Amino acid sequence: MAQYEYDLFVIGAGSGGVRAARLAAMSGARVAVAEEHRVGGTCVIRGCVPKKFMVYASEFAHHFKTAKGYGWTIEGATFDWPTFLAEKDKEIARLSGIYVRNLQNAGAELAHGKAKLVDAHTVEVAGQGTHTADKILIATGGRPWMPAELPGIEHAITSNEAFHLPELPRRIVIAGGGYIAVEFAGIFNGLGVETTLIHRGPNLLRGFDDDVRSHVAEELEKRGITVVLGAQHTAIEKTAGGFLNRFSDGHERESDVVMFAVGREPYVEGLGLESAGVKLTDKGAVAVDDYSRTNVENIWAVGDVTDRINLTPVAIREGQAFAETMFYDRPTKFDHEMVASAVFSQPPIGSVGLTEADARKQYGKVDIYLARLKPMKYAFGGDERSLLKLIVDCATERVLGCHVVGPDAPEMIQMAAIAIKMGVTKSQWDATCAVHQTLAEELVTMREKHLPMGLGQVA
Ligand SMILES: Cc1cc2nc3c(=O)[nH]c(=O)nc-3n(C[C@H](O)[C@H](O)[C@H](O)COP(=O)(O)OP(=O)(O)OC[C@H]3O[C@@H](n4cnc5c(N)ncnc54)[C@H](O)[C@@H]3O)c2cc1C
């Protein structure tokens, strides 16, 4: 091992890379990490964290509206984008600093610059020379994908730029139907921007339960977002006052900003994978086994660059499993089953386990428990509805999926995920006494099986 400068060289100081580097360094290994942008990666710098701040900022408008029903008079409330941006950036810088210190305190060395593989044991960091390592971990994440052939696409921004707009636009068109597009539609709408969300598919949020998808699309429209489904951009044209968005359904819409959130791709460009012989999947992700090892014996990859489940906690756990396996002699695979997730749409979603459609495919007969109700908070105004849904395997009574749309759904789902991951049955679930007065209590009080429309019970 001593023939190499480092025991481990990590490329990318995001969620997965930092966790792996820290743990490895804490075991006494000689570790270096290269980062071409800012330490913290997508999550901290241009993903989960700044996005959640924007969600918080944008929710106030809705709270103010609800407050009126409770007797409050709120006059003269205004929002100042530059103030918000400055506070957000201060906090992001603080968090990034913590990541740097944590790496340094663990004994890992940081190299600033783009890294590329020269061969299976050599990494070149731009402007800093080459380094050798016994093991290499690729943790370079993902980046927004853009349809390069669309006329005028150069006028569109991605989520990366949405965090730094010089001013808040009056009108925005957001293309995409995934969680990032839906979340940003809620953010801009909440901040008073006239928002259009356009998605080429028949419904938003592919991969989520169909009842959740249609419920959320309705709720977004109730909040004032124009949702255009089954159409996509054919062109973006610069006009004197902004941009003209031309859609495939023949409609057009003017906006001051056009944002594309139509997908992300593994970030492997310029990484030199071919020099080390690292293979990709047919979707362009680094191919790995259950232990995150690539086809090259001393090279591993974790996080979004492997395109398994592209979420921060998953990248962290994959990085941790790698470090435990290789530096603590504890072979560990991260279990990708029953990973809960949240969408910070307005209203938000919490989801864990199978969708109804997938459960029917995999298990055949399933029971559905479903409630749609007005959350108590809106008793004095507002027509928002929440949705709670459980999917149960008829044969074993096991709860296969839980999906919630409504206030605090992301907080709820974290707890539900523990029981579901442990294999809870519906009768054990029902034996849990409700917490009153909450929306979550509906989850443990759903006794009536839900029949599809037309078979008796109506949602
Ligand atoms: C807008 C948005 C919102 C999101 N919200 C959520 C959320 O709410 N919850 C959630 O769980 N997930 C969310 N995600 C996803 C989450 O951010 C990612 O899953 C997570 O950051 C992946 O971690 P990673 O370590 O794989 O990669 P990253 O965090 O992307 O880190 C990769 C790092 O590698 C660096 N890098 C790349 N190539 C090189 C190179 N050649 N040399 C040196 N450095 C390099 C990059 O600069 C980057 O810092 C969101 C993502 C986006 C874009």
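You'll find the structure just up there.
Right, let's walk through the structure included here.

What counts and how
Residues numbered from 1 in each chain as written. Predicted model: local features only at pLDDT ≥ 70, side-chain atom pairs only at ≥ 80, totals over all residues. Heavy atoms only, no water. Buried < 20%, exposed > 50% of the residue type's maximum accessible area, 1.4 Å probe, protein only. Helix = DSSP H or I, 4+ residues; strand = E, 2+ residues; numbered from the N terminus. Pairing = 2+ DSSP bridges. Polar contact = N/O pair within 3.5 Å; in protein donor to acceptor, adjacent residues only side chain to side chain. Axes fitted to C-alpha atoms, helices over the stretch in contact; angles between N-to-C directions. Left-handed = near helix turned anticlockwise from the far one by under 90°. Contact = heavy atoms within 4.5 Å. Nonpolar A, V, L, I, M, F, W, Y, C, P; charged D, E, K, R; others polar. Parallel < 35°, antiparallel > 145°, perpendicular 65-115°, else oblique. Patch = residues over 30% accessible without salt bridge, like charges linked within 9 Å, V, L, I, M, F, W, Y side chains within 5 Å. Areas by Shrake-Rupley, 256 points an atom, 1.4 Å probe, with all protein chains shown as cover. Salt bridge = Lys/Arg side-chain N within 4 Å of Asp/Glu carboxyl O. Near = heavy atom within 4 Å. Core = buried A, V, L, I, M, F, W, Y, C linked by side-chain atoms within 4.5 Å.

**Notes on the pairing of strand β20 (residues 386-393)**
And then number 1: With respect to burial, β20 is a largely interior element, eight of its eight residues being buried.
And then number 2: When strand β19 (residues 366-373) meets β20, the two strands line up antiparallel, connected through eight bridges. Looking at β20, one finds that Leu370 is bridged to Lys389.
And then number 3: By the bridge criterion, six bridges tie β20 to strand β21 (residues 399-405) in an arrangement that is antiparallel. Each residue of the ladder has a partner; that of Leu388, found in β21, is Val404.

**Looking at the side chain of Gln346**
And then number 1: For Gln346, the position within the fold is in the loop between β17 (341-343) and β18 (349-353).
And then number 2: Within the structure, the side chain of Gln346 is placed 2.8 Å from the side chain of Ser58, a separation counted as a polar contact.
And then number 3: Side-chain polar atoms of Gln346 contact the backbone oxygen of Gly186, separated by 3.5 Å.

**Topic: the packing of helix α3 (residues 48-69) against helix α4 (residues 81-106)**
And then number 1: Where α3 meets α4, the axes come as close as 10 Å, and the angle between the chain directions of the two elements is 145°. Helix-helix and strand crossings are classified by hand; for α3 and α4 the assignment is right-handed. Along its contact with α3, which presents Val49, Pro50, Phe53, Met54 and Ala57, the element α4 presents Trp81, Phe84, Lys88, Glu91, Ile92 and Leu95.
And then number 2: Within the contact of α3 with α4, the residues separate by chemical class into nine nonpolar, no polar and two charged.

**Let's talk about the sheet that holds strand β11 (residues 233-238)**
Backbone hydrogen bonds hold the strands of a sheet together, and the pairing may be parallel or antiparallel.
And then number 1: Here three strands make up an open sheet; going across it, the order is β11-β12-β13 and the pairing antiparallel. Two strands lie at the open edges of the sheet, namely β11 and β13 (252-255), each paired on one side alone. Taken over all neighbouring pairs, the strand axes of this sheet differ in orientation by 20° on average, direction set aside.
And then number 2: In this structure, strand β12 (residues 243-247) lies alongside β13, joined through four bridges in antiparallel fashion. Each residue of the ladder has a partner; that of Leu244, found in β13, is Glu254.

**Considering the packing of α3 against helix α6 (residues 179-190)**
And then number 1: Across the interface, α3 lies against α6 with an axial gap of 7 Å and an inter-helix angle of 40°. Taken together, the axes of α3 and α6 are oblique relative to one another. Crossing of α3 against α6: the hand is left-handed. Residues Lys51, Met54, Val55, Ser58 and Ala61 of α3 form the contact with α6, whose own contacting residues are Tyr179, Glu183, Phe184, Gly186, Ile187, Phe188 and Gly190.
And then number 2: Per-class residue counts for the contact of α3 with α6 are seven nonpolar, three polar and two charged.

**A look at a nonpolar patch on the surface**
And then number 1: There is a patch of nonpolar side chains on the surface, built from Phe60, Phe64, Tyr70, Trp72, Ile74 and Phe380 and spanning about 650 Å² of accessible area.
And then number 2: By the secondary structure assignment, Tyr70 is in the loop between α3 and α4.
And then number 3: The exposure class assigned to Tyr70 is partly exposed, which follows from its relative accessible area of 41%.

**What to know about the site of the ligand**
And then number 1: Taken together, 38 residues lie near the ligand, and Gly16, Glu35, Thr42, Lys51 and Asp304 sit nearest.
And then number 2: Contact distances for the ligand include 3.4 Å between an oxygen atom and a backbone N or O atom of Cys43.
And then number 3: Measuring from a nitrogen atom of the ligand, one finds a side-chain N or O atom of Tyr179 at 3.0 Å.
And then number 4: When the ligand sits alone it has 1,000 Å² of accessible area, and the protein chains cover 96% of it.
And then number 5: If you list the elements that add at least two residues to the shell around the ligand, you get α1 (15-26), β2 (31-35), α2 (41-46), α3, α6 and α9 (312-327).
And then number 6: Broken down by element, the residue count for the shell around the ligand peaks at four residues, all from α2.
And then number 7: A class-by-class count of the residues in the shell around the ligand yields 15 nonpolar, 15 polar and eight charged.

**Things to note about the nonpolar core**
And then number 1: By size, the foremost hydrophobic cluster in this structure holds 38 residues, and its most contacted members are Ile174, Phe184, Phe188, Leu197 and Met259.
And then number 2: Mapped by element, the contributors of at least two residues to this core are α3, α4, β8 (171-175), α6, α7 (210-222) and β14 (257-260).
And then number 3: Broken down by element, the residue count for this core peaks at seven residues, all from α6.
And then number 4: Leaving out residues up to four positions away in the same chain, Ile174 has contacts with Ala181, Phe184, Ala185, Phe188, Thr195, Thr196, Leu197, Ile198 and Met259.

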